[in-house]
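# Summary of the model geometry
Listed below are the residues making up each chain.
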Amino acid sequence: PAAPAPGMDGVAAALTAAMAEGAPGAMARYTAPGEVRVRTAGVRDRVSGAPMDIRARFRIGSVSKTFSSVVLLQLADEGRVELDRPVDDYLPGLLPDDRITVRHLLTHRSGLADYTEAMFHRTVPGFEAVRNRVFSYQELVGLSLAAPRTTEPGVAYKYSNTNFVVVGMLIEKLTGRPVAEAYDSRIVKPLGLRQTSYVHPDTRIEGLRVRGYLHPDEAGAPLVDSTEQTASWAQSAGAVISSPADLNTFTSALMGGRLLSPAMLGAMTTVTPTDTANTRFYGLGLRRYDLSCGTQVYGHTGTVQGYYTYAFSTRDGRRSLSAMANTSNRGEANTALGGTLEAAFCGTQPA
Ligand SMILES: C[C@@H](NC(=O)[C@@H](C)NC(=O)CCCC[C@H](NC(=O)C[NH3+])C(=O)[O-])C(=O)O
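Residues numbered from 1 in each chain as written. Predicted model: local features only at pLDDT ≥ 70, side-chain atom pairs only at ≥ 80, totals over all residues. Heavy atoms only, no water.

Here we come to the overall build of the chain. Of the regular secondary structure elements, the chain holds 11 helices and 13 strands. Counting only C-alpha atoms, the chain reaches 60 × 45 × 40 Å along its principal axes. The proportion of buried residues among the 351 residues of the chain is 57%. If you take every contact in the chain between residues at least 6 apart in sequence, the share linking residues at least 24 apart comes to 70%. Accessible surface computed for the chain: about 13500 Å², of which carbon and sulfur atoms make up 52%. The chain carries 35 positive and 33 negative side-chain charges, and their two centres are separated by 4 Å. (Helix = DSSP H or I, 4+ residues; strand = E, 2+ residues; numbered from the N terminus. Buried < 20%, exposed > 50% of the residue type's maximum accessible area, 1.4 Å probe, protein only. Contact = heavy atoms within 4.5 Å. Areas by Shrake-Rupley, 256 points an atom, 1.4 Å probe, with all protein chains shown as cover. Lys, Arg positive; Asp, Glu negative; His and termini not counted. Charge placed at Lys NZ, Arg CZ, Asp CG, Glu CD.)

In this section: the sheet that holds strand β2 (residues 35-42). Pairing is antiparallel in the open sheet, where 8 strands are placed in the order β2-β1-β12-β11-β10-β9-β8-β7. Across the chains shown, the open sheet's two edge strands, defined by having one partner strand only, are β2 and β7 (272-273). As judged from the 3 bridges shared by strand β8 (residues 280-282) and strand β9 (residues 287-290), these two strands associate in the antiparallel manner. Along β9, the bridge assignment pairs Phe-281 with Arg-288. Its contacts with the sheet put helix α2 (residues 63-77) on β8, β10 (296-304) and β11 (307-314), and the angle it makes with β10 is roughly 120°. (Pairing = 2+ DSSP bridges. Axes fitted to C-alpha atoms, helices over the stretch in contact; angles between N-to-C directions.)

What follows deals with helix α5 (residues 123-130). Every buried residue of α5 is listed here: Thr-123, Val-124, Gly-126, Phe-127 and Val-130. Angular distribution of buried residues about the axis of α5 spans 160°; they occupy a single face of the element. In the core, the buried residues of α5 are packed alongside α4 (116-119), β4 (213-214) and β5 (224-225). (Arc of directions from axis to C-beta.)

What follows covers the packing of helix α6 (residues 137-145) against helix α7 (residues 161-175). The contact between α6 and α7 brings their axes to 10 Å, and the two run at 145°. Remark: the crossing between α6 and α7 carries left-handed chirality. In contact with Tyr-137, Gln-138, Leu-140, Val-141 and Ser-144 of α6, α7 contributes Thr-162, Val-165, Val-166, Gly-168, Met-169 and Glu-172. (Left-handed = near helix turned anticlockwise from the far one by under 90°.)

We now examine the state of the cysteines. Inspection of every chain in the model, using the stated rule, returns 1 disulfide. With a sulfur-sulfur separation of 2.0 Å, Cys-293 is cross-linked through a disulfide to Cys-346. One quick way to see it: the torsion about the S-S bond of Cys-293 and Cys-346 is about -70°, and its sign makes the bridge left-handed. Here Cys-293 is found in the loop between β9 and β10, whereas its partner Cys-346 is found in helix α11 (residues 331-346), with 53 residues between them in sequence. On the accessibility criterion, Cys-293 (39% relative accessible area) is partly exposed. (Disulfide = S-S within 2.5 Å.)

Glancing now at the packing of aromatic side chains. Taken as a whole and judged by the stated rule, the model has 7 aromatic pairs. An angle of 80° between the planes, with centres 6.0 Å apart, marks the rings of Tyr-30 and Phe-345 as edge-to-face. Placement of the pair is Tyr-30 in strand β1 (residues 25-32) and Phe-345 in helix α11, with a sequence separation of 315 residues. Exposure class is identical for Tyr-30 and Phe-345. Each is buried. Measuring from centroid to centroid gives 6.3 Å for Phe-67 and Tyr-183, while their planes differ by 85°, and the two rings are edge-to-face. One end of the pair, Phe-67, is in helix α2; the other, Tyr-183, is in helix α8 (residues 179-191), with 116 residues separating them in the sequence. Take Phe-67 and Tyr-183: they sit in the same class, and that class is buried. In this structure an aromatic cluster arises from ring pairing among Phe-67, Tyr-183, Tyr-198 and Phe-250. The ring of Tyr-289 carries Arg-280 above its face, with NZ or CZ at 3.8 Å from the centroid. Over the face of the ring belonging to Phe-281 we find Arg-288, whose NZ or CZ atom lies 4.1 Å from the ring centre. (Phe/Tyr/Trp six-rings, centres within 6.5 Å; stacked < 30°, edge-to-face > 60°. Lys NZ or Arg CZ within 6 Å of the ring centre and 35° of its normal.)

Looking now at the site of the ligand. If you check the shell around the ligand, you find 20 residues, and the closest are Ser-62, Phe-120, Tyr-159, Thr-301 and Ser-328. Separating an oxygen atom of the ligand from a side-chain N or O atom of Ser-62 is a distance of 2.5 Å. Between the ligand and Phe-120, the relevant distance is 2.7 Å, taken from a nitrogen atom to a main-chain nitrogen or oxygen of the residue. Considering the ligand on its own, with 630 Å² of exposed area, one finds that the protein chains cover 83% of that surface. The element that contributes the greatest number of residues to the shell around the ligand is β10, accounting for 4 residues. Residue classes in the shell around the ligand are distributed as 5 nonpolar, 13 polar and 2 charged. (Near = heavy atom within 4 Å. Polar contact = N/O pair within 3.5 Å; in protein donor to acceptor, adjacent residues only side chain to side chain. Nonpolar A, V, L, I, M, F, W, Y, C, P; charged D, E, K, R; others polar.)

As a rule of thumb, soluble globular proteins bury nonpolar side chains together. In this structure, Phe-67, Leu-72, Val-102, Leu-106, Val-166, Leu-254 and Met-268 are the most contacted members of the largest nonpolar core, which totals 75 residues. If one sorts the elements of this core by residue count, α2 sits on top with 8 residues. Apart from residues no more than four positions distant in its own chain, Phe-67 is found in contact with Ile-60, Tyr-183, Ile-187, Leu-193, Thr-196, Leu-247 and Phe-250. Formed by 28 residues, the second largest nonpolar core is a distinct cluster that contains Ala-5, Ala-23, Leu-291 and Cys-346. (Core = buried A, V, L, I, M, F, W, Y, C linked by side-chain atoms within 4.5 Å.)

Further remarks concern the pattern of salt bridges. Pairing of side chains with opposite charge becomes possible as their charged atoms draw close. This model, assessed by the stated rule, comprises 21 salt bridges. Glu-78 is the partner of Arg-80 in a salt bridge, and the nearest nitrogen-oxygen pair spans 3.2 Å. You can call Glu-78 partly exposed: its relative accessible area is 41%. Because the salt bridges share partners, they merge into one network encompassing Asp-97, Arg-99, Arg-149 and Glu-152. (Salt bridge = Lys/Arg side-chain N within 4 Å of Asp/Glu carboxyl O.)

Such coordinate-based values are descriptive only and should not be taken to indicate function.
So this is what it looks like as structure tokens:
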């Protein structure tokens, strides 16, 4: 039997709490030198009753932003893009303000409005309106530019999916190839991520999958199975599909220095605070959470219809956690799932 793992009891409690808040199922995978620990809870399919399965694939939402950031930072390492140059130098005329730099996109300091706020103001109607639609990057940027900018460039942090849509456009302009090929050749293949794919605009999750269930805005209304969608509203800001093991491999490899030069990883992990409590930070397409035990973890969170994701590692990449619950539009479930971080990295017992 495995050695006692108090942290994993806390992880299991967090998964149970996420279910109590409305997730049909949840799971987490924790890796440390010489150990892999797994907890699963509930179901991955409410109709068949199939139990949650740690091998299953799901939509990782904005954890995709870290994949996109890694590709762009590799291009910066290769001298093919400069972070402090205006986006206008690379995508002339796309943005209305040539003071917006590449770094402003990666740090959410561009001031470009987030088109998803209007798109998903009404959760289920908004989702149903776009779940089978295919958008061009240009259309998504157009939706953003129809709304007022949120800040002068560089002045303040304001999270916006638009920033990583433009990052996707930059990657395709600089490489001359679709962003899917960049993920594949620069991350998926080198790290052997067999469960990770970018299939936009295909709506299916191939293979062993977790079905996602969206909570409507109306209390008591039935869950909506949101598994199949193009995720075209998100693309390079949120359309990657992966698994717990692949997310552990990805965040560990990133923080362990396998994907970027030490200088570029240093730039990526140079953060500014995003909360008043000074425990949440953002770098370049990367979040930092400062946990109660003093451990700092780096990675990203994800929210896409039917799926909440956390994928984080310690700064040296030696310890990593990925966690998922197959629901969304239910903040309490997301917060409960987030409890896996403190439990796993700080070894806390259940509350
Ligand atoms: C915040 C998160 N961001 C992401 O993962 C990106 C890709 N997702 C969003 O911007 C949320 C879109 C609406 C989700 C929908 N909500 C609504 O429709 C609300 N009316 C839902 O909860 O499924 C992150 O960076 O961690």
